[in-house]
Amino acid sequence: NDLPERQKFLEQLGVTVDARDIERTPPSRAFLERHLPRDGFLDFVSQRSPVFRRRPLPTSKARAIALMTENPKLIRLPVVIAGRRVVFGLDKARLTELVTAAV
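Reading the values: rules and limits
- Residues numbered from 1 in each chain as written.
- Predicted model: local features only at pLDDT ≥ 70, side-chain atom pairs only at ≥ 80, totals over all residues.
- Heavy atoms only, no water.
- Pairing = 2+ DSSP bridges.
- Helix = DSSP H or I, 4+ residues; strand = E, 2+ residues; numbered from the N terminus.
- 1 Å grid on protein atoms, 1.4 Å probe; cavity = no way out; pocket = protein on both sides within 12 Å on 5 of 7 lines; lining within 4 Å.
- Points joined across faces, edges and corners; volume = space filled by probe spheres on them.
- Nonpolar A, V, L, I, M, F, W, Y, C, P; charged D, E, K, R; others polar.
- Core = buried A, V, L, I, M, F, W, Y, C linked by side-chain atoms within 4.5 Å.
- Buried < 20%, exposed > 50% of the residue type's maximum accessible area, 1.4 Å probe, protein only.
- Contact = heavy atoms within 4.5 Å.
- Salt bridge = Lys/Arg side-chain N within 4 Å of Asp/Glu carboxyl O.

Draft legend 1. Here's a closer look at the pairing of strand E1 (residues 79-82). Relative to strand E2 (residues 85-88), E1 runs antiparallel, the two sharing four bridges. Note that in E2 the partner of Val-80 across the bridge is Val-87. Hairpin remark: E1 followed by E2, antiparallel, with two residues in the connecting loop; positive phi at Gly-83, about 65°.

Spelled out as structure tokens, the structure:
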């Protein structure tokens, strides 16, 4: 599990982390629909998940959102929100840009 790496990187950026259990408090379908692009939606799906060893990757944004809603562990972590901007996953360049822009 790479949680310590994510946590450490976010702390280095000066981000206050409000860690939540994604299974207990998953993002809503509306949140996912608003923040996932029509194209490139697979960038927001945790493709390393064992779920995808048993089934093919989703071929549409709607199917990706349905799978993420059914199984929140499929959402690429961390989900970092700053105002109206959201970054899914440990994309260090995008996270640094997001935090810098929010200051």
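Draft legend 2. Focus on the layout of surface pockets. One number sums up the size of the largest pocket: a volume of about 1300 Å³. Contributing to the lining of the largest pocket are 41 residues, with Arg-20, Ile-22, Leu-77, Pro-78 and Val-79 lying nearest its centre. Where the lining of the largest pocket is concerned, the elements lending two or more residues are helix H1 (3-12), E1 and helix H5 (92-102). When grouped by side-chain class, the residues that make up the lining of the largest pocket number 24 nonpolar, nine polar and eight charged.

Draft legend 3. Here's a closer look at the nonpolar core. Among the nonpolar cores identified, the biggest contains 17 residues, and Leu-32, Leu-36, Met-68, Leu-74, Ile-75 and Phe-88 are the most heavily contacted of them. Broken down by secondary-structure element, the contributors of at least two residues to this core are helix H2 (29-35), helix H3 (51-54), helix H4 (61-70) and E2. A per-element tally of this core places H4 first, with four residues. If near-sequence neighbours (up to four positions away) are discounted, Met-68 is found in contact with Leu-32, Leu-36, Phe-44, Val-45, Leu-74 and Ile-75.

Draft legend 4. Unusual backbone geometry, seen in detail. Note that the residue after Leu-77, namely Pro-78, is joined by a cis bond; omega there is 0°. With respect to the helices, strands and loops of the structure, Pro-78 is situated in the loop between H4 and E1.

Draft legend 5. Region of interest: the pattern of salt bridges. Applying the stated criterion across every chain yields a total of six salt bridges. In this structure, Arg-63 and Glu-70 form a salt bridge, with 3.8 Å as the shortest nitrogen-oxygen distance. With a closest N to O distance of 3.2 Å, Glu-97 and Arg-85 form a salt bridge. Here Glu-97, found in helix H5, pairs with Arg-85, found in strand E2; they are 12 residues apart in sequence, far enough to count as distant. Relative accessible area serves as the criterion here: at 48%, Glu-97 is assigned to the partly exposed category.

Keep in mind these numbers describe shape, not what the thing actually does.
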